[in-house]
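These are the residues of each chain, in order.
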Amino acid sequence: MSFVVCRWEEAKALPGADRLIAHLHKVPLALASNLLREYIDAKISNHKGWKECFGSDQVKSGKPAPD
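The following paragraphs examine the structure supplied in this document. (Residues numbered from 1 in each chain as written. Predicted model: local features only at pLDDT ≥ 70, side-chain atom pairs only at ≥ 80, totals over all residues. Heavy atoms only, no water.)

1. Quick word on the overall build of the chain
If you tally the helices and strands in the chain, you get three helices and two strands. Starting at the N terminus and walking to the C terminus, you meet the elements of the chain as α-α-β-α-β. Burial status across the chain gives 15% buried among its 67 residues. In the chain, once contacts between residues fewer than 6 apart in sequence are set aside, the share between residues at least 24 apart is 39%. Here the chain displays about 5,500 Å² of accessible surface, and carbon together with sulfur accounts for 58% of that area. (Helix = DSSP H or I, 4+ residues; strand = E, 2+ residues; numbered from the N terminus. Buried < 20%, exposed > 50% of the residue type's maximum accessible area, 1.4 Å probe, protein only. Contact = heavy atoms within 4.5 Å. Areas by Shrake-Rupley, 256 points an atom, 1.4 Å probe, with all protein chains shown as cover.)

Right, dumping it as structure tokens:
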């Protein structure tokens, strides 16, 4: 695992992001990324309210022609 991936667990959300997600708790939200799911899980593991997500390994076609 690369140095950057190991540091993702220390990443912090942008100011106000956790508060916005908490405010929108009744609105269905999902995080989509071109990263592999395991990397997304590591990156958001310390963030509150970020539960639904999917990565490039979970779709038939990623960027530049996403499903």
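2. Observations concerning helix H3 (residues 37-44)
Residues spaced three or four apart along an α-helix face the same direction, because each turn holds 3.6 residues. Every buried residue belonging to H3 is among Ile40, Ala42 and Ile44, and all of these are buried. Those residues of H3 hidden inside the fold are in contact with strand E1 (31-32) and strand E2 (53-54).

3. A word on the environment of Leu36
You can see Leu36 is positioned in the loop between E1 and H3. Through-space distance from the C-alpha of Leu36 to that of Gly55 is 4.9 Å; in sequence the pair is 19 residues apart. Those residues within four positions of Leu36 in sequence are excluded, and the remaining contacts are Ser56 and Asp57.

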